[in-house]
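For reference, the chains in residue letters:
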Amino acid sequence: MDVIIKNGIIITALETYKADIGIKNGKIVTIASKLDDSSAEIIDASGKYVLPGAIDGHTHLQMPFGGTVSSDSYEAGTRAAACGGTTTVFDFAIQQKGHGLIQTAKERDALCAPQACVDYAFHVVITDLRPEILDEFQDSVNFGVPSFKVFMVYKKEGLMADDGMLYSVLKKSKEVGAILAVHAENPDLIDIRTEKFLKEGKTSAWYHYLSRPEFVEAEADKRAIHWAKQLDAPLYIVHLANKEGMEEVKKARDEGYEIYAETCPQYLYFTNEVFKREDGRNFVCSPPMKGQESQDALWKGIKTGDIATIATDHCPFQSYEKDWGKDDFTKIPNGCAGIENMYPYMLSEANKGRLSFNKVVEICSTNPAKIYGCAPQKGSITIGGDADIVIYDPTKEFTISQNNMHSDSDHTIWEGVKLKGYPFMTFSRGKLVYKDGEFLGKPGWGKFLRRKRK
Ligand code: URP
Ligand code: ZN
Ligand code: ZN
């Protein structure tokens, strides 16, 4: 064996037990109560928890958006991911008009491959649906990209899918065994509300929230679920942030439909109150954080299993870019940093007793691996799986600050948030890429993950 992790408490989605883990050639080759091998490097995990690395199913690295490009390169974003215990990152490859699906994935891969510090995959965002594109869905699945996304918003940006397109893409995804993810908000409502506020001179970040409040998101959630039900097609709603949408997801799931909801740590920790702050523009993302009732509904959804996954929607912009919207919320590039905070925040909530550690592993690692077609290689601690492992110190007190984060972002919305416990080491395919505050990996290590659903 190359490495043995000894004396730790292993936590998976289903079990908690004490055992040693043997790693060879980047894979977990054995799990036993006591392992010894004089040629192996021994990592002593006494007093610590040993978890599968998190999977962030939703990031926007180096993405042209909001009149600029999100400020974390693939290198910076995946470096930060490793330091927060995330060992697989799913980024969005946005189809340019006239481009094919595999072409889109390959173009992103060319950018990502030399930079990636942890393993990565893509969802292809469809913006230009033509008959040839529908014909390419099966090829994309065969190529190892069985997940697509459409934006039900961003009309002016040329990214939006209307209902006809949403319906066609859902239908085709089902036929080829892929899954469709949607960003659900109602674009027409956002437009008329925004126009009204601007006319009235209401331009602070608070009006970003009011331009797209709870019911604007809920309508689109319901519409997407409606089409998915009609077609009996799998549907994945990204960054769900409102109570009514949560209830609709629950109803559909109770009726037996394959509907998954993802939410993000920012919706579980912050409410719309942040938009009243002087630095409210730094929190501007879409959908916006909602009221307390919605936050409570999301936490309830985690408990009931109706929130399937947690992801970050990591899409940072530098302070000077956020400042473009100081006097006009429509000029604030939408998105925040979070890739390094997901696992630490969720595990800290478990450590404080809000939910179990097993549940955190389930929603941050095991479920995304299953839903997106990379289990059991990813998302669990299992013999034959990749040795993507986090050693977690439950006793460490940690205060999040821009100074102790590892992305290129010059601020964090999580500044000052106190966590109980923190990742101590991260292994990516058996290689130590993070230890106690220090990034130890290197760009180019991360591999493109070819996936297969079911
Ligand atoms: O505000 C956000 N979420 N920016 C990134 C793009 C998206 O809608 O996910
Ligand atoms: Zn979105
Ligand atoms: Zn997003």
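Residues numbered from 1 in each chain as written. Chains lettered and ligands numbered in written order. Predicted model: local features only at pLDDT ≥ 70, side-chain atom pairs only at ≥ 80, totals over all residues. Heavy atoms only, no water.

Colleague: Would you take a moment to explain the coordination of the zinc ion (ligand 3) for this structure?
Modeller: Around the zinc ion (ligand 3), the protein supplies His58 (NE2), His60 (NE2) and Asp313 (OD) as donor atoms, at distances of 2.0 to 2.1 Å. Each of the four donor atoms bound to the zinc ion (ligand 3) contributes to angles spanning 87 to 146 degrees, and the resulting shape is irregular. Donor residues for the zinc ion (ligand 3), ordered by position in the chain, follow H-x1-H-x252-D. Judged by relative accessible area, His58 falls into the buried class, the value being 0%. (Donors = N, O, S within 2.8 Å, 3.2 Å for Na, K, Ca; no water. Tetrahedral: all angles 85-135°; square planar, octahedral: opposite > 155°, others 65-115°. Buried < 20%, exposed > 50% of the residue type's maximum accessible area, 1.4 Å probe, protein only.)

Colleague: Just checking my understanding: could you explain the domain arrangement of the chain for this structure?
Modeller: Quite often, the size of an interface is put as the accessible area lost when its parts meet. Taken domain by domain, the chain comprises domain 1 (3-51 + 385-395 + 418-439) and domain 2 (53-372). Relative to domain 2, the C-alpha centre of domain 1 lies at a distance of 30 Å. Taken together, the contact pairs 27 residues of domain 1 with 24 residues of domain 2. In terms of surface lost to domain 2, no three residues of domain 1 exceed Ala13, Lys420 and Phe439, which account for 27% of the buried area on that side. Counting across the domain 1 and domain 2 interface gives one salt bridge. Across the pair Asp119 and Arg429 runs a salt bridge whose closest N-O atoms are separated by 2.7 Å. Taken together, the connections running from domain 1 to domain 2 amount to ten residue pairs in polar contact (both at pLDDT 80 or more). (Domains from an automatic or database assignment. Contact = heavy atoms within 4.5 Å. Buried area = accessible area lost by both parts, 1.4 Å probe. Salt bridge = Lys/Arg side-chain N within 4 Å of Asp/Glu carboxyl O. Polar contact = N/O pair within 3.5 Å; in protein donor to acceptor, adjacent residues only side chain to side chain.)

Colleague: Sorry, what's going on with the layout of surface pockets here?
Modeller: Which parts of space are left empty comes out when a probe the size of a water molecule is rolled across the atoms. A volume near 530 Å³ is recorded for the largest pocket. Looking at the largest pocket, it is lined by 22 residues, and the ones nearest its centre are Lys156, Glu157, Ile190, Arg212 and Thr330. Broken down by secondary-structure element, the contributors of at least two residues to the lining of the largest pocket are helix H5 (187-199) and helix H6 (205-211). Among the elements that take part in the lining of the largest pocket, H5 stands out by supplying six residues, more than any other. Grouping the constituent residues of the lining of the largest pocket by class yields nine nonpolar, six polar and seven charged. (1 Å grid on protein atoms, 1.4 Å probe; cavity = no way out; pocket = protein on both sides within 12 Å on 5 of 7 lines; lining within 4 Å. Points joined across faces, edges and corners; volume = space filled by probe spheres on them. Helix = DSSP H or I, 4+ residues; strand = E, 2+ residues; numbered from the N terminus. Nonpolar A, V, L, I, M, F, W, Y, C, P; charged D, E, K, R; others polar.)

Colleague: Even after reading the chapter, I still don't get the side chain of Gln95, so can you show me in this structure?
Modeller: As for its position among the elements, Gln95 is in the loop between strand S9 (86-94) and helix H2 (101-112). For Gln95, a relative accessible area of 2% gives the class buried. Beyond its immediate chain neighbours, meaning those up to four positions away, Gln95 contacts Thr104, Val125, Ile126, Thr127, Asp128, Arg130 and Ile133.

Colleague: Would you mind showing me how to read the environment of Val390 here?
Modeller: Among the structural elements, Val390 can be located in strand S16 (residues 389-399). Leave out the neighbours within four places in its chain, and Val390 touches Tyr49, Val50, Leu51, Gly53, Gly85, Tyr343, Pro423, Met425 and Thr426.

Colleague: How should the packing of aromatic side chains be read in this particular structure?
Modeller: For any pair of aromatic rings, the description rests on two quantities: the centre-to-centre distance and the angle between the ring planes. What the rule picks out here adds up to 23 aromatic pairs. With centroids separated by 6.1 Å and ring planes inclined at 35 degrees, the aromatic side chains of Phe143 and Phe448 adopt a geometry described as tilted. Highlighted residues: Phe143 in helix H3 (residues 131-143) and Phe448 in the segment after strand S19 (438-439), separated in sequence by 305 residues. Of the two residues, Phe143 and Phe448, neither departs from the other in class, the shared state being buried. Ring geometry for Phe151 against Tyr154: centres 5.1 Å apart, planes inclined by 65 degrees, an arrangement best described as edge-to-face. Classification of Tyr154 by relative accessible area gives buried; the value is 10%. An aromatic cluster is built from Tyr269, Phe270, Phe283, Tyr345 and Trp414, whose rings are joined through pairwise contacts. Stacked on the ring of Trp206, the Lys or Arg Lys276 has its end atom at 4.6 Å from the ring centre. (Phe/Tyr/Trp six-rings, centres within 6.5 Å; stacked < 30°, edge-to-face > 60°. Lys NZ or Arg CZ within 6 Å of the ring centre and 35° of its normal.)

Colleague: Could you clarify how one ought to interpret the UniProt feature "modified residue: N6-carboxylysine" (unreviewed entry) in the chain in this entry?
Modeller: Taking the numbering used here, the UniProt-annotated feature "modified residue: N6-carboxylysine" (unreviewed entry) corresponds to Lys149. Structurally, Lys149 is set in strand S11 (residues 147-151). Classification of Lys149 as buried rests on a relative accessible area of 0%. Discounting chain neighbours no more than four positions away, the residues touching Lys149 are His58, His60, Phe92, Val124, Val125, Ile126, Leu180, Ala181, His183 and Val238. (UniProt positions renumbered as here; feature names shortened; annotations may be inferred.)

Colleague: Could you clarify how one ought to interpret the site of ligand 1 in this entry?
Modeller: Surveying the vicinity of ligand 1 reveals 13 residues, the closest of which are Tyr154, His183, Ser286, Asp313 and Asn334. For ligand 1, a nitrogen atom lies 2.6 Å from a polar atom in the side chain of Asp313. Here a nitrogen atom of ligand 1 and a backbone polar atom of Asn334 are 3.0 Å apart. Look at ligand 1: alone it shows 260 Å² of surface, and the protein chains cover 100% of it. Along the lines of polarity and charge, the residues of the shell around ligand 1 split into five nonpolar, seven polar and one charged. (Near = heavy atom within 4 Å. Areas by Shrake-Rupley, 256 points an atom, 1.4 Å probe, with all protein chains shown as cover.)

Colleague: Mind showing me how you'd approach the sheet that holds strand S10 (residues 119-125) here?
Modeller: Strand pairing in a sheet relies on backbone hydrogen bonds, with the paired strands running either antiparallel or parallel. What the eight strands build is an open sheet, ordered S6-S9-S10-S11-S12-S13-S14-S15; its pairing is parallel. Both edges of this open sheet fall to strand S6 (54-59) and strand S15 (309-310), since each of them pairs with a single strand only. Relative to S15, strand S14 (residues 259-263) runs parallel, the two being bridged by two bridges. Of the residues in S15, the one forming a bridge with Thr263 is Ile310. Strands in contact with helix H4 (residues 163-176) are S11, strand S12 (179-183) and strand S13 (235-237); relative to S12, the strand with the most contacts, it is inclined by about 155 degrees. (Pairing = 2+ DSSP bridges. Axes fitted to C-alpha atoms, helices over the stretch in contact; angles between N-to-C directions.)

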